[in-house]
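Working through the structure, step by step
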Amino acid sequence: MGGVQTERLQNYINGQWQTSIATEYLDVVNPANNEVLAQVPLSPASEIDQTAQAAAIAFQSWRRVPPTDRVQYLFKLKGLLEANLDDLARTITLECGKTFAEAKAEMQRAIENVEVACGIPMMMQGTNLEDIARGIDEMMIRQPLGVAAAIAPFNFPGMIPFWFLPYAIACGNTYIVKPSEKVPLTMYKVFQLLEKTGLPAGVVNLVNGAKEAVDAILDHPVIRAVSFVGSSPVARYVYSRAAANGKRVQCQGGAKNPIIVLPDADLETTTRITMDSAFGCAGQRCLAASLMVTVGKAKEPFTEAIVEATKARVVGFGLESGVQMGPVINHPSRDRIEGLIQRGIDQGAKPIVDGRQPKISGYEQGSFVRPTLLQDVAPDSEIARTEVFGPVLGLMHVNTIDEAIALVNRGVWGNMACLFTSSGAAARKFRYEAEAGNIGINIGVAAPMAFFPFSGWKDSFFGDLHGQGAHAVEFFTQTKVVVERWFSDWTRQF
Ligand code: NAD
């Protein structure tokens, strides 16, 4: 820190910015140069308790606000997010490392979720049927749950809380966000905008922290629902502990996404799209391509094109123009990625482009790994099975589409699988047989739009209802069924 006073971030609880009673603060670091940007409190369980109690009180009146009035705050929020888009994107680049263009695109995805949640007066409607028996009617209505919370990962500090928060509050719940302690600045700014919407106190709350805050959320009796996004081991843990405490829970986890390339795929677009998928956001996307599997005659031309494109990728500080890829999140992550590359090589893979230990002039302290290509990755090697979460693409080769699909399906992950081809029949077969919840056909990052569920499968997801769209409305409401009979001689009373 060099003696410079950095800002200590506060929590936003019950409509007030509040200094945490935490005894421990962590540095928030710019991964491009390792400079400290701020300090984040590791809030204790008692602060989650205070927040949950305040949110429970706020819920009593918030649920009575008509949905048409609740969404007015979201319309206002959309305007504020758009007006502050550049500032928010800049913050994302500073704390998370991705390029400014990637950060802007991330915030655009956040805004789209606000837009979809503005449709709550339609989306939250129930169903009814007259005469389920003679003279008896039945209706199903949706009611909010109460207090709900999100626990977010580092790689999309602006977007991921928006997979949940707009839907939760539009449905009449009150909400707590616990951002990743590595990237708390973006939500800090978003909550300053939420404050400007005039939402009643306690409807949205921000508590910074790490494990203690998470565990307090998972155990708190007032919190009815938990949405988690992060690595699979923590997702599994959060899912088990929250469920054991009787909560509704959805946990989106890690990934290892394959891209299958058939010989009839378009060389130029497939190469460009694969580059963006593997190395966009420095490979720190749960929808990053991590393995490219060429089929039959696709091997030579596509390998050659991918090698050239990988070498040409411009790496640097994400706020500088022309930079196509920023750093990874921190030094431990860089070291972990370099270790995985080494073990991949030890287990037989060939480093045809080796991005370790790069020299980025002016950013010597940054957490950089250049794009890396490993050829002849063995299906059972560690690098073929482990989520790298860095700019590393493993190349594999098979002879038929059936072998490729078998390769996709043998893994434990199921976040995304993509096929590049010009054959409709091959595309249909792949869509039908591939065991992943998000499928791309000539698409490298099959990210569902806000009005579709973010559909991870297998070890990439724990739960049944996913984030976004109709699934979010389902998740943040409980159904109530009313069976109603009225006696028909009332007219005689008048
Ligand atoms: P992470 O699991 O380390 O952290 C996620 C959250 O959990 C953070 O808020 C953190 O404070 C908390 N946490 C971490 N360890 C904990 C523990 N032991 N007990 C309780 N809480 C704990 O994940 P990350 O490194 O921040 O994010 C990257 C991961 O997220 C990758 O695996 C990526 O694939 C995944 N991800 C998945 C999706 C998806 O939609 N499936 C989207 C984005 C990221």
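First things first, this report covers the structure right here in the doc. Values in this document were obtained by computation on a predicted structure and should not be read as measured data. (Residues numbered from 1 in each chain as written. Predicted model: local features only at pLDDT ≥ 70, side-chain atom pairs only at ≥ 80, totals over all residues. Heavy atoms only, no water.)

Topic: the overall build of the chain
Helix and strand counts for the chain stand at 16 helices and 22 strands. Taken against the 2.2 N^0.38 rule, which gives 23 Å for 494 residues, the C-alpha radius of gyration of the chain at 24 Å falls within 12% of a compact globule. In terms of its C-alpha atoms, the chain occupies a principal-axis envelope of roughly 90 × 65 × 40 Å. Taking all 494 residues of the chain together, 56% fall into the buried category. Summarising the internal contacts of the chain: among those between residues at least 6 apart in sequence, 73% fall at separations of at least 24. Only carbon and sulfur atoms are counted for the fraction: they give 53% of the accessible area of the chain, which is about 20300 Å². Computed over 45 positive and 50 negative side-chain charges, the inter-centroid distance for the chain is 2 Å. (Helix = DSSP H or I, 4+ residues; strand = E, 2+ residues; numbered from the N terminus. Rg over C-alpha atoms; globule rule 2.2 N^0.38 Å. Buried < 20%, exposed > 50% of the residue type's maximum accessible area, 1.4 Å probe, protein only. Contact = heavy atoms within 4.5 Å. Areas by Shrake-Rupley, 256 points an atom, 1.4 Å probe, with all protein chains shown as cover. Lys, Arg positive; Asp, Glu negative; His and termini not counted. Charge placed at Lys NZ, Arg CZ, Asp CG, Glu CD.)

So, the environment of lysine 359
Mapped onto the secondary structure, lysine 359 falls in the loop between strand E14 (350–353) and strand E15 (372–375). By relative accessible area, lysine 359 is classed as exposed at 68%.

Let's talk about the sheet that holds strand E16 (residues 392–398)
The mixed open sheet is built from seven strands, whose spatial order is E14-E15-E16-E13-E12-E18-E19. The open sheet has two edge strands, E14 and strand E19 (438–441), and neither has a second partner. Neighbour-to-neighbour, the strand axes of this sheet turn through a mean angle of 25°, independent of strand direction. The pairing of E14 with E15 spans three bridges and is classified as antiparallel. Within the sheet, the bridge partner assigned to lysine 350 lies in E15 and is glutamine 375. With respect to the sheet, helix H12 (residues 331–346) is in contact with E14, E15 and E16, its orientation differing from that of E15 by roughly 20°. Contacting strand E12 (257–261), strand E18 (416–420) and E19, helix H15 (residues 424–433) runs over the sheet at an angle of about 170° to E18. (Pairing = 2+ DSSP bridges. Axes fitted to C-alpha atoms, helices over the stretch in contact; angles between N-to-C directions.)

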